[in-house]
Amino acid sequence: MNLALLSAPRVYYAMGADGVFFKSLGRLSPRFQAPTAAILLQGVLASLFAVSNRYDELVRYAVFADWIFFALAGIALIVFRHTMPKAPRPRPAPLYPLSPILFVIAGLGIVVNTFIADWKNARIGALIIAAGVPVFFLWKRFGTRDQYRER
């Protein structure tokens, strides 16, 4: 619940603030200082998903997608440590680079295993994620041009 209800609206908020999603989602509520529109969008999406599919399938899609992005986060840690060696490191990565490498291998193993054990849902989940790539580039090209004005 925490991941879906707290994290996803912040992603919509950041995308709206950066101009790669609806600009209205990139605003904070003056009263609550929270991304209210993004939180409401997540609530609507969660409700639609809940009534349109079986719970176990939704969990499989979410877990599959989560592990793709968890592995990418591990890769990003390694890339950023290499490309920005002087950046501050307030939270050290224990046993670096071994721990992120093992994490990435485990994450990719879960993704590959999902393709082997649940081909249908893994394929659907991968197609949903892949569909976002052209949408992102189209939005970036034809979307709002004043993306950083409100910051």
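Residues numbered from 1 in each chain as written. Predicted model: local features only at pLDDT ≥ 70, side-chain atom pairs only at ≥ 80, totals over all residues. Heavy atoms only, no water.

*Asks:* Please explain the overall build of the protein as it appears in this structure.
*Replies:* From N to C terminus, the protein includes five helices and zero strands. When the helices and strands of the protein are listed from N to C terminus, the series reads α-α-α-α-α. Expressed along its principal axes, the backbone C-alpha trace of the protein runs to roughly 45 × 45 × 30 Å. A total of 151 residues make up the protein; the buried ones form 22% of that total. A separation threshold of at least 6 residues defines the contact pool for the protein, and within that pool the share at least 24 residues apart is 58%. Surface summary for the protein: the accessible area is close to 10,900 Å², and the carbon and sulfur share equals 72%. A distance of 9 Å separates the average location of the 17 positive side-chain charges in the protein from that of its 7 negative side-chain charges. (Helix = DSSP H or I, 4+ residues; strand = E, 2+ residues; numbered from the N terminus. Buried < 20%, exposed > 50% of the residue type's maximum accessible area, 1.4 Å probe, protein only. Contact = heavy atoms within 4.5 Å. Areas by Shrake-Rupley, 256 points an atom, 1.4 Å probe, with all protein chains shown as cover. Lys, Arg positive; Asp, Glu negative; His and termini not counted. Charge placed at Lys NZ, Arg CZ, Asp CG, Glu CD.)

*Asks:* Please explain the packing of helix α3 (residues 55-83) against helix α5 (residues 119-142) as it appears in this structure.
*Replies:* The description of two helices packed together rests on the angle between their axes and the distance between the axes. Remark: α3 packs on α5, axes separated minimally by 9 Å, with the N-to-C direction vectors making an angle of 60°. Here α3 lies oblique to α5, going by the angle between them. Here the hand of the crossing between α3 and α5 comes out right-handed. Across the interface between the two elements, Glu57, Arg60, Tyr61, Phe64, Ala65, Ile68 and Phe69 from α3 touch Asn121, Ala122, Ile124, Gly125, Ala126 and Ile129 from α5. Partitioning the contact of α3 with α5 into residue classes produces nine nonpolar, two polar and two charged. (Axes fitted to C-alpha atoms, helices over the stretch in contact; angles between N-to-C directions. Parallel < 35°, antiparallel > 145°, perpendicular 65-115°, else oblique. Left-handed = near helix turned anticlockwise from the far one by under 90°. Nonpolar A, V, L, I, M, F, W, Y, C, P; charged D, E, K, R; others polar.)

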